[in-house]
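# Chain and residue survey
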Amino acid sequence: MLTRLKKKIPYPLKSKAKLVIHQGRMLNWKSRLTPDFIIIGGQKCGTSSLYNYLAQHPQILPASKKEIHYFDNGLDSHQKNFERGESWYRAHFPLKNSGRESCLTFEASPTYCVNPLVAKRIQEFNPKIKIIFCIRDPKARAISHYYHEVMNGREVQPILKALKLEESRIENAVNSGKYEDRAFTSFSYKTRGLYADQMQRYLDCFDSSQVHLMSAEDLFSNPERTLKQAYHFLSIDSEFRDLDLKPVNVSPLKKEVDL
């Protein structure tokens with residue numbers, strides 16, 4: 001019954017309610033936890049499934065939503081999340097006196113890996129934080145990303161043309177340093193697969209012991225082993241097994257493309 005009622009609430013009203021709730025959470029932002037680790041991406045690399053799996057661990061408390069997009073300033077040029085400051089960011093996390101103070105908390109924003117401004121911002125926020133970087137075969141990732149944009153109505157070009165247009169489409173955002181621009185977040189199909197460059201930015205800011213690399217292929221082919229490695233990295237109980245391992249946010253558009 002409650003689920004049906006939620007579905008009937010108009011989006012503008014839902015958005016207004018969320019804003020009011022978050023403003024209330026900001027009143028005690030200093031009493032809230034800060035993230036112990038962040039899943040930085042990449043997009044279409046299993047981050048939604050990983051977030052869901054880790055949130056089920058009894059020693060982990062998730063943020064109020066998966067993707068906060070604070071350190072990258074948001075998913076379009078109008079959000080300006082980073083400019084909202086630490087109080088806005090920390091309001092997304094649990095209270096320190098929640099009764100589970102020993103638990104870890106985290107968020108997962110898939111554009112953190114590709115935006116070159118983010119690593120330094122995270123380091124300045126917390127130099128001891130841990131980073132989980134999910135990767136996927138670049139070709140499969142780009143194809144999945146393309147169909148994600150098609151499904152959301154932002155991409156109208158055939159895939160081969162979209163790939164050829166990428167550099168010209170994202171040029172203004174790159175040259176101006178406005179990586180939150182919608183053109184960059186939507187059309188950076190090939191750019192997001194340049195994992196070596198992205199990883200190096202984090203290794204320049206953090207010790208290698210603070211960065212954990214995980215492949216989407218490993219996560220879905222052997223989730224128990226892959227999660228156990230993540231548990232070891234986070235220094236939590238690695239024997240926890242009571243999990244719902246159903247993949248999350250899987251695109252209904254599954255196609256093979258000859259690139």
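The structure contained in this document is the topic of the report that follows. (Residues numbered from 1 in each chain as written. Predicted model: local features only at pLDDT ≥ 70, side-chain atom pairs only at ≥ 80, totals over all residues. Heavy atoms only, no water.)

### Notes on the packing of aromatic side chains
A complete count under the given rule lists 18 aromatic pairs for this structure. With centroids separated by 4.9 Å and ring planes inclined at 70 degrees, the aromatic side chains of Tyr70 and Phe71 adopt a geometry described as edge-to-face. With respect to class, Tyr70 is no different from Phe71; both count as buried. Arranged with centres 4.5 Å apart and planes meeting at 15 degrees, the rings of Tyr70 and Tyr89 form a pair that is stacked. Of this pair, Tyr70 sits in the loop between strand E2 (60-62) and helix H4 (86-90) while Tyr89 sits in helix H4, and the two are 19 residues apart along the sequence. With relative accessibility at 6%, the residue Tyr70 sits in the buried group. Tyr89 gets classed as buried once you look at its relative accessible area, which sits at 0%. An aromatic cluster is defined as three or more aromatic residues linked by ring pairs; in this entry it consists of Tyr70, Phe71, Phe82, Trp88, Tyr89, Phe93, Tyr112 and Phe125. Looking at Arg169, its charged tip hangs above the ring of Phe187, at a distance of 3.8 Å from the centre. (Phe/Tyr/Trp six-rings, centres within 6.5 Å; stacked < 30°, edge-to-face > 60°. Buried < 20%, exposed > 50% of the residue type's maximum accessible area, 1.4 Å probe, protein only. Helix = DSSP H or I, 4+ residues; strand = E, 2+ residues; numbered from the N terminus. Lys NZ or Arg CZ within 6 Å of the ring centre and 35° of its normal.)

### Remarks on the pattern of salt bridges
Note that side chains of opposite charge can pair when their charged atoms are close. Enumeration over the complete set of coordinates arrives at 7 salt bridges. Here Arg241 ties to Glu239 by a salt bridge, and the two come within 3.8 Å at their closest N and O atoms. Look at Arg241 and you get partly exposed, because its relative accessible area is 41%. One salt-bridge network, in which partners are shared between bridges, spans Lys228, Glu239 and Arg241. (Salt bridge = Lys/Arg side-chain N within 4 Å of Asp/Glu carboxyl O.)

### A short note on a positive patch on the surface
Residues Lys14, Lys18, Lys65 and Arg84 make up a contiguous surface patch of positive charge. Of note, Arg84 is situated in the loop between E2 and H4. (Patch = residues over 30% accessible without salt bridge, like charges linked within 9 Å, V, L, I, M, F, W, Y side chains within 5 Å. Areas by Shrake-Rupley, 256 points an atom, 1.4 Å probe, with all protein chains shown as cover. Lys, Arg positive; Asp, Glu negative; His and termini not counted. Charge placed at Lys NZ, Arg CZ, Asp CG, Glu CD.)

### Section: helix H9 (residues 195-205)
The α-helix advances 3.6 residues per turn, and as a result positions three or four apart in sequence lie on the same side. Looking at H9, one finds that the buried residues are Tyr195, Gln198, Met199, Tyr202 and Cys205. Looking down the long axis of H9, one finds its buried residues gathered within 120 degrees of arc, a one-sided arrangement. Among the exposed residues of H9, those pointing more than 90 degrees away from its buried face are Ala196 and Asp204. Taken together, the buried residues of H9 touch strand E1 (37-41), helix H5 (118-125), strand E4 (130-135), helix H6 (138-151) and strand E5 (211-215). (Arc of directions from axis to C-beta. Contact = heavy atoms within 4.5 Å.)

### Some remarks on the side chain of Ser49
Following the sequence through the fold, Ser49 ends up in helix H3 (residues 47-55). For Ser49, a relative accessible area of 0% translates into the label buried. Other than its neighbours up to four places away in sequence, Ser49 contacts Phe220, Pro247 and Val248.

### A word on the environment of Lys80
If you trace the backbone, Lys80 turns up in the loop between E2 and H4. The exposure class assigned to Lys80 is partly exposed, which follows from its relative accessible area of 39%. Between the C-alpha atom of Lys80 and that of Ile40, which follows or precedes it by 40 residues, the distance is 18 Å.

### Focus on the packing of H5 against H9
The description of two packed helices rests on the angle between their axes and on the distance between the axes. In contact at an axis separation of 9 Å, H5 and H9 are set at 25 degrees when each is read in the N-to-C sense. Judged by the inter-axis angle, H5 sits roughly parallel to H9. Remark: the crossing between H5 and H9 carries right-handed chirality. Mapping the contact onto sequence places Val118, Ala119, Lys120, Ile122 and Gln123 in H5 and Arg201, Tyr202 and Cys205 in H9. Among the residues forming the contact of H5 with H9, the class breakdown is 5 nonpolar, 1 polar and 2 charged. (Axes fitted to C-alpha atoms, helices over the stretch in contact; angles between N-to-C directions. Parallel < 35°, antiparallel > 145°, perpendicular 65-115°, else oblique. Left-handed = near helix turned anticlockwise from the far one by under 90°. Nonpolar A, V, L, I, M, F, W, Y, C, P; charged D, E, K, R; others polar.)

### Details of the nonpolar core
Residues Leu50, Leu54, Tyr112, Ile122 and Tyr202 are the most contacted members of the largest nonpolar core, which totals 61 residues. In this view, Tyr202 contacts Ile40, Tyr112, Cys113, Val118, Ala119, Ile122 and Ile131; residues no more than four positions away in its chain are not counted. (Core = buried A, V, L, I, M, F, W, Y, C linked by side-chain atoms within 4.5 Å.)

### Considering the packing of H3 against helix H11 (residues 223-234)
As a packed pair, H3 and H11 sit with axes 12 Å apart at the nearest point and diverge in direction by 65 degrees. Remark: the crossing between H3 and H11 carries right-handed chirality. Across the interface between the two elements, Leu50, Tyr53 and Leu54 from H3 touch Leu227, Tyr231 and Leu234 from H11. Taken together, the residues of the contact of H3 with H11 sort by class into 6 nonpolar, no polar and no charged.

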